[in-house]
Amino acid sequence: MDDTKRVFAEALRRLQRERRGAKITVTDIAEAAGFDRHTFYYHFSSLFDLLVWMFEDEIDRLSEIAGSDWARMIEGSLEYSEEEKELVLSLFHSEYKEKICFFLSERMKSLASEFLRERKGSSVPEEYIPCLAEFLAYGTLGLYFSWLEGGMEKSAHEVFRELEYILGNSLKGFSPE
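Here is a short report on the structure shown in this document. (Residues numbered from 1 in each chain as written. Predicted model: local features only at pLDDT ≥ 70, side-chain atom pairs only at ≥ 80, totals over all residues. Heavy atoms only, no water.)

1. Comments concerning the side chain of S81
At step 1: Relative to the assigned elements, S81 resides in helix α5 (residues 70-83).
At step 2: Residue classification places S81 among the buried positions, given a relative accessible area of 4%.
At step 3: Not counting chain neighbours up to four residues away, the residues in contact with S81 comprise V88, Y144, W147 and M152. (Helix = DSSP H or I, 4+ residues; strand = E, 2+ residues; numbered from the N terminus. Buried < 20%, exposed > 50% of the residue type's maximum accessible area, 1.4 Å probe, protein only. Contact = heavy atoms within 4.5 Å.)

2. Points about the nonpolar core
At step 1: Judged by nonpolar contacts, the single largest core of 58 residues is most densely connected at L12, I29, L50, Y144 and L148.
At step 2: Mapped by element, the contributors of at least two residues to this core are α1 (2-19), α2 (26-33), α4 (47-66), α5, α6 (85-92), α7 (97-118), α8 (129-149) and α9 (156-166).
At step 3: In terms of residue count, α4 provides more of this core than any other element does, 11 residues in total.
At step 4: When neighbours within four sequence positions are excluded, L148 is seen to be in contact with V88, L89, F92 and H93. (Core = buried A, V, L, I, M, F, W, Y, C linked by side-chain atoms within 4.5 Å.)

3. Thoughts on the packing of α7 against α8
For any two helices packed against each other, the geometry is given by the interaxial angle and the distance between the axes.
At step 1: Taken N-terminus to C-terminus, the directions of α7 and α8 make an angle of 135°; their axes are 8 Å apart at the nearest point. One element, α7, and the other, α8, form an angle in the oblique class. In the crossing of α7 with α8, the sense of the turn from one axis to the other is right-handed. Across from K97, C101, L104, S105, M108, K109, A112, S113, L116 and R117 in α7, the residues of α8 making contact are I129, L132, A133, E134, L136, A137, Y138, T140, L141, Y144, F145 and E149. (Axes fitted to C-alpha atoms, helices over the stretch in contact; angles between N-to-C directions. Parallel < 35°, antiparallel > 145°, perpendicular 65-115°, else oblique. Left-handed = near helix turned anticlockwise from the far one by under 90°.)

4. What to know about the pattern of salt bridges
At step 1: In the structure shown here, the tally under the stated rule is 15 salt bridges.
At step 2: Between E56 and R107 there is a salt bridge, with the nearest N and O atoms lying 3.1 Å from each other. Separated by 51 residues along the polypeptide, E56 in helix α4 and R107 in helix α7 bring together distant segments of the chain.
At step 3: Note on R107: relative accessible area 15%, which makes it buried.
At step 4: Here R61 makes a salt bridge to E58, at a shortest N to O gap of 2.4 Å. You can see R61 and its partner E58 sitting in helix α4, three residues apart, about one turn around the helix.
At step 5: Overlapping salt bridges, with partners in common, bring together E10, R13, R17 and E84 in one network. (Salt bridge = Lys/Arg side-chain N within 4 Å of Asp/Glu carboxyl O.)

5. Some remarks on the environment of V88
At step 1: Position of V88 relative to the elements: it lies in helix α6.
At step 2: The class of V88 is buried, set by a relative accessible area of 8%.
At step 3: Considering only alpha carbons, one finds V88 and M152, 64 residues apart in sequence, at a separation of 9.8 Å.
At step 4: Sequence-distant contacts of V88, that is, excluding residues within four places in its chain, are made with S81, Y144 and L148.

Dropping the structure here:
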């Protein structure tokens, strides 16, 4: 089933590169994937559902690579955004912007909490983890959204270095000991 979902995701990426911001429909995606709309709706309830699946799939892939290395996870997310620039910017400026921002905020808070809890030798009391996770998530996403608003003119590496500096190199503190 994930193979079919990946075919739909790749079709959306391909269409986005070809059409650069033009409206893309479920029918367009289904046809580009070699399926019909019914097959699309068997796997996804909506275009937004496909987007969430794509983000979750990428977050899972990055989590496997980064492990409990928060800094590597953020850097990988920025690199992915840069590689998929047309898609990311199109989605950021689409009707789904609010939903995507909310999804990313909730997912980032969850990831930050996981990383903080998994960190060996952490001196952060359990009761402060939700607050610290929220701070990290909103601070990180604030810079990320600002980068998107600016058209991603800086490189992912530059944004990561700025983020690292602004947070007082605290991202390194969330890496494994």
